[in-house]
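# Summary of the model geometry
Here is what each chain is made of, one letter per residue.
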Amino acid sequence: MDTNIQSTLQEDRLFQPPAKFAAQARIPNREALDALREKAEQDHEGFWAEQAREELDWHTPFESVLDDSKAPRYQWFADGKINVSHNCLDRHLAQRGDKTAIVFEGEQGDTRHISYAELHRDVCRFANGLKSLGVASGDRVVIYMPMVPEAVIAMQACARIGATHSVVFGGFSAEALKDRIENAAAKVVITADGGHRGGKVVELKAAADQALSNGCDSIEKVVVLKRAGNDIGFQPGRDIWWSELMEGQAETCEPTWVGSEHPLFLLYTSGSTGKPKGIEHSSAGYLLGAITTMKWVFDINDNDVFWCTADVGWVTGHTYVAYGPLACGATMLMYEGAPTVPDAGRFWKICEDHNVSIFYTAPTAIRALMKAGDAFPQQYDLSSIRLLGTVGEPINPEAWMWYHRVIGGERCPIVDTWWQTETGAHMIAPMPGAVATKPGSCTLPLPGIAADVVDADGNSIEQPNQGGFLVIRKPWPSMVRGVWGDDQRFYDTYWKQFDTQKFYLAGDNARRDEDGYFWIMGRIDDVLNVSGHRLGTMEVESALVAHPLVAEAAVVSRPHDIKGESIFAFVVLRGERPEGGIDKSLTRELREWVGKQIGAIAKPDDMRFADNLPKTRSGKIMRRLLRTIACGEEITQDTSTLENEGIVLQLQGKA
Ligand code: WTA
């Protein structure tokens, strides 16, 4: 791991919170924020206990705040009882029953408005349906669906009956789905015939059938939503239509009151080694993180139309689509399809048509839409937008400025939010009425979040702009509770490095500037960040090696204009190396192969074939050298330890 990183990025622009925005904001100035932060610093547990009492509806109030007896499996509010779906739906019915909870737009232009009362009814009916299939508290349910309201209904219904959901991104392959079903030993899969994406039908049921065709023995039922109307196979006894399951179900369903620590969901995410790990989240602490950040960072209020463009298959789509906005009684928008259908103006048209006031997306989307030109956003009236947000990777200042100028009309603050699947909710982000922003910086830690930048010994790095490990010094309510079925991996990944200090290791390098602002500098491990999504190098490498023609493979990332990073694969074949190290048809075949093993986002953009991979004497692949080569940079590393230096020319594509 590399801590000795000097930052070269210099960004001096400072954008004060617009006076008009600050005047109406929940946290209207820096003093208010500092007071809140101070309170948390003085009494960390007391601060969070107060938030938990104020923001959540408890069935049984808690006495215990933080219990570290099972650390690093920290427990929050453990003796309290709660239900997440009750907190998202029931508690709004009296005041907001007729208020729109979800505005939905399909890729083909169909729209729906679902009120809180209707959403509550459908969640209850579906929850009763799940119960009728034998799903009980603690069972795992896999959700493999398009971005339609039923995905949220399914998640909320699981929460209602205490079932633990594991949403698998609809862009993942049958293979990836199968791994996740088997790891979680899920009882039921909820899917759809297909979804609309990029002008095509994504055949989800077909992929689910394939996943279930060998293995997945734990699955008893498959619930199928009719969405795209494509032909599907149907296995009587196992498969049941969503509409049939809903038929005749009661419109109320008493929530199952669970302990605060009851696992609300698993979400699989990539690490540097092995298969994706099932990140386990709690009920009460997780929801508290979702609510506090909706209020602090998005400053959500009753008149907002909130749109987070993330798919429910990612953590952003959990916290800021399925749970956070509903827990706050907000109106939120869901869009099924791609940003470029029918053209690159689609997002902006949706903002105009539905009066979106808070818009939250990833830098990769911003860069792609920026590239498409200003003419698209300029066709639409974006004056309803009052706040913009980004997540997933560092945003380059150029894209930030475009977002600010062209989408925000120089009037909207931008909240750059740093967080992770493991943190459950925003950790480092500006409160838009209180914190001046700098393009490319996620600014300051939120109250009650003890983020720090430390050296290899765990000492705080005081010197400005000196890079180090990003850690969280104290437990926080929405933190990861474990890696499903693998305590050792949980400890090794996040806690081992700073065991004596008990810091959480985020896996990112960061620096702080003179003003204490955080700047994320990239991962410390072999995790790739492609279009804001995490992929492990090992995952892609294992997929490549699983192909019968491949003997060995190493993948690295290189900077990419739109995706942030792209994947560069170096491959050693079992047979002859192709002439000049290039073979277009084999490259195509291997790309498709990786797509089938993992999903389209994992397809390598570049591929080069060599007789061998560069390795150290101890047999470790020299990734840094490969990265240099992938970037086309001059090699400054010592290559004298290589068995065959000629390999370097092959890897460079020069031999
Ligand atoms: C990166 C997504 C810079 C970071 C919510 C982190 C960011 C990983 C930002 C988590 C940001 C996320 N600025 N980098 N605002 N947000 N990252 O689990 O490397 O998909 O560790 O969660 O994305 O990705 P994940």
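To be clear, the structure that these remarks concern was listed above.
All of the points below concern the structure found in this document. Not measured: the values here are computed from a predicted model. (Residues numbered from 1 in each chain as written. Predicted model: local features only at pLDDT ≥ 70, side-chain atom pairs only at ≥ 80, totals over all residues. Heavy atoms only, no water.)

## A closer look at the overall build of the protein
Across its full length, the protein holds 21 helices and 30 strands. Each principal axis of the C-alpha atoms in the protein carries an extent, and together these give about 75 × 65 × 60 Å. Long-range pairs, those at least 24 residues apart, make up 72% of the contacts in the protein with a sequence separation of at least 6. Accessible surface computed for the protein: about 24,900 Å², of which carbon and sulfur atoms make up 46%. Of the charged side chains in the protein, 67 are positive and 89 negative, and the gap between their average positions amounts to 2 Å. (Helix = DSSP H or I, 4+ residues; strand = E, 2+ residues; numbered from the N terminus. Contact = heavy atoms within 4.5 Å. Areas by Shrake-Rupley, 256 points an atom, 1.4 Å probe, with all protein chains shown as cover. Lys, Arg positive; Asp, Glu negative; His and termini not counted. Charge placed at Lys NZ, Arg CZ, Asp CG, Glu CD.)

## Here we look at the side chain of E107
Mapped onto the elements of the fold, E107 is located in the loop between β4 (100-105) and β5 (111-115). Lacking a salt bridge, the buried E107 has R197 as its closest oppositely charged neighbour, with an N-O distance of 5.6 Å. One polar contact links the side chain of E107 to the main-chain amide nitrogen of G198, over a distance of 2.7 Å. (Buried < 20%, exposed > 50% of the residue type's maximum accessible area, 1.4 Å probe, protein only. Salt bridge = Lys/Arg side-chain N within 4 Å of Asp/Glu carboxyl O. Polar contact = N/O pair within 3.5 Å; in protein donor to acceptor, adjacent residues only side chain to side chain.)

## Quick notes on helix α6 (residues 116-132)
Given a rise of 1.5 Å per residue, 17 residues ought to cover 24 Å, and the 24 Å separating the end C-alpha atoms of α6 matches this to within 8%. With 12 of its 17 residues buried, α6 lies for the most part within the structure. Residues Y116, L119, H120, D122, V123, C124, R125, F126, A127, N128, G129 and L130 constitute the buried set of α6. The positive-phi residue at the C-terminal boundary of α6 is G134, with phi of around 95°. (Expected span 1.5 Å × (residues − 1).)

## Re the packing of helix α2 (residues 30-42) against helix α3 (residues 44-55)
A pair of packed helices is captured by two measures, namely the crossing angle of their axes and the spacing between those axes. Their axes nearest at 5 Å, the elements α2 and α3 cross at an angle of 120°. Relative to α3, α2 is oriented oblique. Facing α2, whose interface residues are L36, K39, A40 and Q42, α3 presents H44, F47 and E50. Of the residues contributing to the contact of α2 with α3, the split by class is three nonpolar, two polar and two charged. (Axes fitted to C-alpha atoms, helices over the stretch in contact; angles between N-to-C directions. Parallel < 35°, antiparallel > 145°, perpendicular 65-115°, else oblique. Nonpolar A, V, L, I, M, F, W, Y, C, P; charged D, E, K, R; others polar.)

## Considering the site of the ligand
Around the ligand, the structure places 17 residues, and the nearest of them are D416, T417, T421, D508 and R534. G392 is positioned such that a nitrogen or oxygen atom in its backbone is 3.1 Å from a nitrogen atom of the ligand. Note that a nitrogen atom of the ligand is positioned 3.5 Å from one of the backbone N or O atoms of P394. Isolated, the ligand exposes 530 Å² of accessible area, and the fraction of that covered by the protein chains is 96%. Breaking the shell around the ligand down by element, the ones donating at least two residues are α12 (315-327), β20 (414-417) and β25 (518-523). A breakdown of the residues in the shell around the ligand according to their chemical character gives six nonpolar, six polar and five charged. (Near = heavy atom within 4 Å.)

## Structural notes on the pattern of salt bridges
Under the criterion given, the structure shown has 41 salt bridges. Here the residues in one salt-bridge network are R26, D299, D304 and R386, joined through shared partners.

## So, the pairing of strand β6 (residues 140-144)
Most of β6 sits inside the fold, with five of its five residues counted as buried. Burial along β6 is two-sided: R140, V142 and Y144 facing one way and V141 and I143 facing the other are all buried. Regarding the hand of the β-α-β motif, the stretch spanning β6, helix α7 (residues 149-161) and strand β7 (residues 164-167) is right-handed. As paired strands, β6 and strand β8 (residues 188-192) are joined by four bridges and run parallel to one another. Among the inter-strand pairings, V141 is bridged to a residue of β8, identified as V188. (Right-handed = clockwise from strand over helix to strand, strands pointing away. Pairing = 2+ DSSP bridges.)

## Description of the packing of aromatic side chains
Enumeration according to the criterion identifies 38 aromatic pairs in this entry. With centroids separated by 5.2 Å and ring planes inclined at 75°, the aromatic side chains of F47 and W48 adopt a geometry described as edge-to-face. By relative accessible area, which is 3% here, F47 ends up buried. W48 gets classed as buried once you look at its relative accessible area, which sits at 3%. Relative to W296, the ring of F47 lies with its centre 6.2 Å away and its plane at 25°, an arrangement referred to as stacked. A residue pair is termed long-range when its members are at least 10 positions apart, and F47 in helix α3 and W296 in helix α11 (residues 284-296) qualify at 249 residues. Site record: aromatic cluster; members linked through ring pairs are W307, Y335, F347, W348, F359, W402 and Y403. (Phe/Tyr/Trp six-rings, centres within 6.5 Å; stacked < 30°, edge-to-face > 60°.)

## Focus on α2
Look at α2: 18 Å from first C-alpha to last across 13 residues, which is about the 18 Å you get at 1.5 Å a residue. Of the positions making up α2, those classed as buried are L33, L36, R37 and A40. Relative to the axis of α2, the buried residues are bounded by an arc of 95° and lie together on one face. In α2, the exposed positions angled more than 90 degrees off the buried face are occupied by E31 and Q42. Where α2 is buried, its residues touch α3 and α11. Between the side-chain oxygen of the N-cap and the backbone nitrogen of E31 there are 3.2 Å, and the N-cap of α2 in question is N29. (Arc of directions from axis to C-beta.)

## Overview of the sheet that holds strand β22 (residues 468-472)
Hydrogen bonds between backbone groups are what pair the strands of a sheet, and the pairing can be parallel or antiparallel. Pairing within the open sheet is antiparallel, and its four strands lie in the order β21-β22-β24-β25. The strands lining the two open edges of the sheet, one partner per strand, are β21 (451-454) and β25. Averaged over all neighbouring strand pairs, the angle between strand axes comes to 45°, with direction disregarded. Across four bridges, the pairing between β21 and β22 is antiparallel. The residue of β22 that forms the bridge with A451 is I472.

## Considering the state of the cysteines
Under the criterion given, the structure shown has zero disulfides. With no disulfide of its own, C158 lies closest to C253 among cysteine sulfurs, the gap being 11 Å. The structure places no disulfide on C328, whose sulfur is separated from the nearest cysteine sulfur, that of C88, by 8.8 Å. Under the relative-accessibility criterion, C328 is labelled buried at 15%. (Disulfide = S-S within 2.5 Å.)

## A closer look at the environment of D606
Relative to the helices and strands, D606 resides in strand β30 (residues 606-609). Considering only alpha carbons, one finds D606 and A630, 24 residues apart in sequence, at a separation of 8.7 Å. Those residues in contact with D606 that lie beyond four places of it in its chain are R558, S566, I567, F568 and A569.

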